[in-house]
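Chain by chain, the residues:
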Amino acid sequence: MTRLKRDDVSGIASALANYDAELVGKTGCTLKEIAAKAVGWQRSKLYDKRPEQHRQVAVIPMTCGQGIIEGFVESVACIITHLGFKAFITKSRDAGGVAEAAQSGAEILFMADDDRFVAVNLRTGKVSDNGDATGKGYVAGLECMCGGLEGKKVLVIGAGPVGNSAALALVQFGAEVAVYDLNLSSSQRLSRKLEKIGYCVTIETDLESALEKHCILVDACPTDDLILLRHITEDTMMAAPGIPLGVQAAGVGQLSKRLLHDPLQIGVATMMFDVL
Ligand code: PYL
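What you see is a predicted model; the values in this text were computed from it and never measured.

Structural notes on the pairing of strand S1 (residues 56-60)
For S1, a buried count of four out of five residues is recorded, marking the element as mostly surrounded by other parts of the structure. Strand direction decides the pairing type here: S1 and strand S2 (residues 86-89), joined by four bridges, are parallel. Along S2, the bridge assignment pairs Val-57 with Ala-87. Examined bridge by bridge, S1 and strand S3 (residues 108-112) share four bridges and lie parallel to one another. Bridge pairing links Val-59 to Phe-110 in S3.

Take a look at the structure:
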């Protein structure tokens, strides 16, 4: 998993309204609608039964390992607030922050060390992992952007936690899924996992050939300049949860409104609905 840098998150809080408006322009859905769809909520539930706004959500800075990323907890708290929930950042860090959150009556905790970024519902015990949430959140956004994925061929690049979650969400939306990973055994593991629950996933062993055969892409790998201008056609639609963005700079302009990519927003929003 790529570790975010201060520059990756520095602009998130101040640009959330514009980000959401852009998302609506690309997908027809807001960040909240995409996150709710990702966890199986019907749109009506989102508006009939408004999530209990009084729920306190605590975001806890964690100093372990490589430590604090400047702007990280602030960005997480702003995204949650943008969704209509009450989020606060604990004054204390680490265990002190967990204690402060519990004593403040927070029902949901968000915290990230170097290995995992989780949301925890203290009341139900539900846990949402950022990798899993990001994969299904991006696929929900892609489904909106494509006007449905039933019967459509989709290539997942990267068979890590995000790619695995994306592949499962894709087959559940009825897509025909292929997977490419530098490490063939990772693709085989993903394919076997989905086969066990009745889904067939094609394993691609050559990226160039895979990109020639697919125009709907999920880039879930941490490699930049993977998708080049020559790989992009007028039919290309791309969900790119991977950090850094895998699309060559010239390709970003070409893709324009057919590219979903952000460092935290879709993953955090999906985690929030995942633990409600
Ligand atoms: C959650 C992000 C998404 C991609 N990489 C993940 C990452 O950067 N993880 C590290 C997060 C560390 C946060 C730090 C803090 O500020 O509390 N412990």
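Points about helix H7 (residues 130-146)
Look at H7: 24 Å from first C-alpha to last across 17 residues, which is about the 24 Å you get at 1.5 Å a residue. Of all 17 residues making up H7, 16 are buried, and the element is well covered by its neighbours. The residue sitting at the N-terminus of H7 and contributing the capping side-chain oxygen is Asp-129; that oxygen lies 2.9 Å from the backbone nitrogen of Gly-131. Immediately downstream of H7, the backbone of Gly-147 shows phi near 65 degrees, a positive value.

Concerning the domain arrangement of the protein
Under the domain assignment used here, the protein contains domain 1 (6-130 + 266-275) and domain 2 (132-262). Listed as interface residues are 18 residues of domain 1 and, on the opposing side, 17 residues of domain 2. Together domain 1 and domain 2 conceal approximately 1500 Å² of surface at their shared face, both sides included; 62% is due to carbon and sulfur atoms. Of all residues in domain 1, Lys-26, Lys-37 and Ile-266 bury the most surface against domain 2, accounting for 40% of the area lost on that side. At the junction of domain 1 with domain 2, the criterion picks out two salt bridges. A salt bridge links Asp-274 to Lys-136, with the shortest nitrogen-to-oxygen separation between them at 3.2 Å. Remark: the boundary between domain 1 and domain 2 carries ten residue pairs in polar contact (both at pLDDT 80 or more).

Details of the pattern of salt bridges
Close approach of charged atoms allows side chains with opposite charge to pair. Overall, the coordinates contain eleven salt bridges when judged by the stated rule. The closest approach of N and O atoms between Arg-3 and Asp-114, which form a salt bridge, is 3.0 Å. Taken as a pair, Arg-3 in the segment before helix H1 (6-9) and Asp-114 in the loop between S3 and strand S4 (117-121) lie far apart in primary sequence, 111 residues in all. The partner of Glu-107 in a salt bridge is Arg-123, with the nearest N and O atoms 2.9 Å apart. With Glu-107 in the loop between helix H6 (94-103) and S3 and Arg-123 in the loop between S4 and strand S5 (127-129), the pair connects residues that are 16 residues apart, well separated along the chain. Among the residues examined, Glu-107 registers a relative accessible area of 16% and is labelled buried. In the salt-bridge network here, residues are joined through shared partners; they are Lys-126, Asp-132, Lys-136 and Asp-274.

Concerning the sheet that holds S5
One open sheet holds the five strands; their spatial order is S2-S1-S3-S4-S5, and the pairing between them is mixed. If you trace the sheet from one side to the other, it starts and ends with S2 and S5, each paired once. Put simply, the sheet's adjacent strands are angled 20 degrees from each other on average, direction ignored. Packed on one face of the sheet, H6 meets S1, S2 and S3 and runs near 170 degrees to S1.

Parameters and conventions
One numbering rule holds for all chains: residues counted from 1, following each sequence as written. Local features in this predicted model are restricted to residues whose pLDDT is 70 or higher, and side-chain atom pairs enter the listing and the counts only when it is 80 or higher, whereas totals over whole chains, interfaces and linings include all residues. To get the side-chain values, all heavy atoms of the structure are used, and hydrogens and water are removed first. Exposed residues in this analysis have more than 50% of their type's maximum accessible area, buried residues have under 20%, and partly exposed residues fall in between, with area computed by a 1.4 Å probe over protein chains only. Per the convention used, a helix needs a DSSP run of H or I reaching at least four residues, while a strand needs a run of E reaching at least two, with both numbered from the N terminus. For two strands to pair, DSSP has to find at least two bridges joining them. To estimate the expected span of a helix, subtract one from its residue number and multiply by 1.5 Å. Here a polar contact is taken to be a pair of N or O atoms separated by no more than 3.5 Å, where protein atoms must pair a possible hydrogen donor with a possible acceptor and residues adjacent in sequence count only if both atoms sit in side chains. Note that domain bounds follow an automatic or database assignment of domains. Residue contacts follow a heavy-atom distance rule, with two residues in contact if any of their heavy atoms lie within 4.5 Å. A 1.4 Å probe defines the accessible area here, and the buried area is the portion of it lost by two parts on being joined, summed over both. Definition used for salt bridges: Asp or Glu carboxyl oxygen within 4 Å of a side-chain nitrogen of Lys or Arg. Geometry is summarised by axes, namely lines fitted to C-alpha atoms with helices restricted to the contacting stretch, and by angles between N-to-C directions that run from 0 to 180 degrees.

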